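Structural overview for review
Residue-level listing of the chains:
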Amino acid sequence: MRRLLTALLVLALLAGAAALALPRIGRWYLRARLLPLVEQRFDRRITFGRLSLGLRRIRVEEVVVSSAKDGPAGPLCAIPVVELAYRPGALLRGRLEAPQVTVEAPTLRLLRRADGASNFLDLLGRRRLGLGRGKIRVDEVLLVRGKLFLDDERTRTSVTASGLDGRVVPGGDSSLRLHPAQLATPRLPGGLTLGELEVRARYRGGRFEVLPTVRVAGGRVRPLAGLELSGIRGTLTPVGSLESLRVAIKLDGSYGGAEAKLWSANGWVDPRARSGKLEVRAARFSLGRVASILGTTPVILPSRTSIDGDLDLALDAGVLRFRGGLEVKNLSLFHPGLARSAVLDLSGGAKLDGRLDLPADKLVVEQLDLHSQGVEVKLSGRVERLTSAHPRLSARLRVPTVACQAVLDAFPASLLPQLQGFALKGSFAVDLATEVDYRHLDALRLGGKVGIHSCKVVKAPEAMDAARLKEPFEHSVEPRPGQTQAIVVGPDNSDFVPFAEISKHMVNAVLTTEDAGFFRHRGFIPSQFRNAAASASAPRRSACRR
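Just so it is clear, the structure is predicted and the values come from calculations on it, not from any experiment. All residue numbers refer to positions counted from 1 along the written sequence of the respective chain. Per-residue local features of the predicted model are confined to residues with pLDDT of at least 70, and side-chain atom pairs are confined, for both listing and counting, to 80 or more; whole-chain, interface and lining totals are unaffected and use all residues. To obtain the side-chain values, all non-hydrogen atoms of the structure were included, while hydrogens and water were left out.

**Brief notes about the overall build of the protein**
Operational definition: Runs of H or I in DSSP of at least four residues are treated as helices and runs of E of at least two as strands, each being numbered from the N terminus. Burial classification: accessible surface area is computed with a 1.4 Å probe over protein chains only, and a residue below 20% of its type maximum counts as buried, one above 50% as exposed, and the rest as partly exposed. Contacts are assigned to residue pairs with any non-hydrogen atoms lying within 4.5 Å of each other. To measure how exposed things are, a 1.4 Å probe is used in the Shrake-Rupley method; for residues, cover is taken only from the protein chains shown.
Helices and strands together make up the secondary structure of the protein, namely six helices and 32 strands. A burial count over the protein gives 30% of its 546 residues as buried. Sequence separation of at least 24 residues holds for 47% of the intrachain contacts in the protein that already meet a minimum separation of 6. Per element, the accessible surface of the protein, about 34500 Å² overall, is 58% carbon and sulfur.

Below is the structure:
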């Protein structure tokens, strides 16, 4: 019995000594053995401040992971606190087995310089990083309340995420969540904002077993001036293997800050082949669903307005084909600069077909047809040297033959109130073409015809009837601002002279100051339009010269 008690006492003393020695042994092992091993595997310098080691947990503070290729903004990674749950027995055998590692508030600064040098890309390209094998085994890494800053100087692209959370499981399902995230790139002048971006994948042995799936929510982007897409949500899902990878796109969203689902985009893209297809649909919806964002626009009565549109995109070998249409019904507008009263119930549509040839630096619009109230306008053309400071443009504008009365009736009454009540006969047509080379503006070409000559007035409203001019009438003028004066025009005025008695030289002198050919044309002079177009296209010169 005495021997048993002695053995138990010895074992207790040994256990106590081991418990007292383990933290010291652990700290020595971490600093002298484990840290150099991790630095060697990651090829990064790692420093830390205070280290606390308990029987089953390790707490490391002020951890800094740095690279020789870090930028001036800071190191690759700075972590205030890292906590590891570990197995004591494995540590005594010279191994670190951590069922869970919690990385609190890490700040990641990823950088690729203009010359291609990067402080992180080599880590992504390695087949093995060593987690889960050898003397280090980590079952799970949790990222909590982190931040991400990515700066790609080569493409002038940056990504900022003020929230970073994630779970990394070697050989298991892992996820990374950015919330929110902002992307800035020259290709999107307005940038891209995402309320949340989540990436899910499975990585084992230096390769993805399950390719990353991306989920986005709360996105906002301005692809074109005046067009903002908001409430963007959906997924980007890889299909196939890395050798034949396609990414399936499934997104939907709204406009101008609204969140209601008003459009959808479905398709795919092949990153290696630089090809893909995308179908964008804006199924018929009422502007009343986005009334909250229309307060500063001229749109009124939005619930009466409906919009229906579609756009198909196809990319192949650097050539983007686009085709689509838009229909608007019962659009009502009011703005003092547009008309004195509301312009009600505008309806019409458009059809578009063309291609953007990136290798050839060329945009071709094969069809841009506009229609409203039975009147069609057809535009086609191309722009070569698209990204050059001196592009070359050719275009053709046509209005197929239509009744003059139909053209007049196509304009809302509130937009042209003075023309209401006219009855016209004849037909109207337009066919204009132009070629502009910004390297040789003096060779600008403008030709065609505006077929307004056959439009005749068969009836005019009483207020606009030319017969009224045969009788004396009173005309008001403003000789000084705020001061009006009434003048009697006609025989009742003692200074009146009939037109037939006025010298032709006087008539020509007056006309020459404004338009010497007034009696020889119908208001359209191609040569003058050509000169005005050349003048407007010429680069502006500073009024001040040094």
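**Brief notes about a nonpolar patch on the surface**
Definition in use: Nonpolar side chains (Val, Leu, Ile, Met, Phe, Trp, Tyr) within 5 Å and like charges within 9 Å form the patches, drawn only from residues with over 30% relative accessible area and no salt bridge. Any Lys or Arg side-chain nitrogen located within 4 Å of an Asp or Glu carboxyl oxygen qualifies as a salt bridge.
Together, Val 497, Phe 499, Ile 502, Met 506 and Val 510 line one region of the surface with nonpolar side chains, adding up to about 480 Å² of accessible area. Among the secondary structure elements, Phe 499 is positioned in the loop between strand S32 (483-489) and helix H5 (504-512). You can call Phe 499 exposed: its relative accessible area is 58%.

**So, the nonpolar core**
Applied cut-off: To qualify as a nonpolar core, a set must consist of buried Ala, Val, Leu, Ile, Met, Phe, Trp, Tyr and Cys residues joined through side-chain atoms within 4.5 Å.
Counting residues in each nonpolar core, the largest one holds 55 residues, and the members touching the most others are Val 63, Leu 84, Val 101 and Leu 287. Those residues in contact with Leu 287, other than ones at most four positions away along the chain, are Leu 294, Val 299, Pro 302, Thr 305, Ile 307 and Leu 331. One finds Val 375, Cys 404, Val 407 and Val 430 within the second-largest nonpolar core, a separate group that totals nine residues.

**Focus: the pattern of salt bridges**
Per the stated rule, a full pass over the model turns up 32 salt bridges. The salt bridge partner of Glu 97 is Arg 87, with a shortest N-O separation of 3.5 Å. One end of the pair, Glu 97, is in strand S5 (residues 96-98); the other, Arg 87, is in the loop between strand S4 (77-85) and helix H2 (88-92), and 10 residues separate them in sequence. Classification of Glu 97 by relative accessible area gives buried; the value is 14%. Accessibility expressed as a relative area gives 34% for Arg 87, which makes it partly exposed.

**Quick word on the side chain of Thr 157**
Short version of the rule: Polar contact criterion, stated in full: a pair of N or O atoms within 3.5 Å, where within protein one must be able to donate a hydrogen and the other to accept it, and residues adjacent in sequence count only if both atoms are side-chain atoms.
Mapped onto the elements of the fold, Thr 157 is located in strand S10 (residues 157-168). Owing to a relative accessible area of 16%, Thr 157 belongs among the buried residues under this scheme. In this structure the side chain of Thr 157 is engaged in a polar contact, spanning 3.1 Å, whose partner is the side chain of Thr 155. One polar contact links Thr 157 to Thr 185, side chain to side chain, over a distance of 3.5 Å. Apart from the residues within four sequence positions on either side, Thr 157 is in contact with Leu 150, Asp 151, Asp 152, Leu 183, Ala 184 and Thr 185.

**Thoughts on the environment of Leu 211**
With respect to the secondary-structure elements, Leu 211 resides in strand S15 (residues 207-224). Among the residues examined, Leu 211 registers a relative accessible area of 13% and is labelled buried. Residues Leu 211 and Arg 200 lie 11 residues apart in sequence; the distance between their C-alpha atoms is 8.1 Å.

**A closer look at the pairing of strand S28 (residues 427-437)**
Along any regular strand the residues' side chains alternate between the sheet's two faces. How we decide: Strands are treated as partners if at least two bridges between them are detected by DSSP.
As defined by bridge partners, strand S26 (residues 392-403) adjoins S28 across 10 bridges and the pair is classed as antiparallel. Bridging from a neighbouring strand, Arg 398 pairs with Asp 431 of S28.

**Observations concerning the confidence of the model for the protein**
Where the model shows low pLDDT, its predicted coordinates should not be examined in detail. Where we set the bar: pLDDT runs from 0 to 100 and stands for how confident the predictor is about each residue.
For the protein, per-residue confidence averages 84 on the pLDDT scale, and 85% of positions sit at 70 or higher. When the criterion is pLDDT under 50, residues 127-133 qualifies, and its contacts beyond four places in sequence or with other chains add up to 17 contacts. Low pLDDT (under 50) marks residues 542-546, which in the prediction has zero contacts with non-local residues, meaning those over four places away or in another chain.

**Things to note about the packing of aromatic side chains**
The cut-off we apply is this: Each aromatic pair joins two rings of Phe, Tyr and Trp (for Trp, the six-membered one) with centres within 6.5 Å, and gets the label stacked for planes under 30 degrees apart, edge-to-face for over 60, and tilted for any other angle. Charge-over-ring contacts are defined here by two conditions on Lys NZ or Arg CZ: a distance within 6 Å of the ring centre and an angle within 35 degrees of the ring normal.
As enumerated under the stated definition, the model contains one aromatic pair in all. Over the ring of Phe 149 we find Arg 109; its NZ or CZ atom is 4.6 Å from the centre of that ring. Directly above the aromatic system of Trp 268 lies the positively charged group of Arg 246, at a separation of 3.5 Å from the ring centroid.

**Things to note about unusual backbone geometry**
The residue after His 179, namely Pro 180, is reached through a cis peptide bond having omega -15°. Mapped onto the elements, Pro 180 comes out in the loop between strand S11 (173-178) and strand S12 (181-185). A positive phi angle, close to 55°, is found at Glu 62, a residue other than glycine. Considering the arrangement of structural elements, one finds Glu 62 in strand S3 (residues 57-66). Judged by its relative accessible area of 54%, Glu 62 falls in the exposed class.

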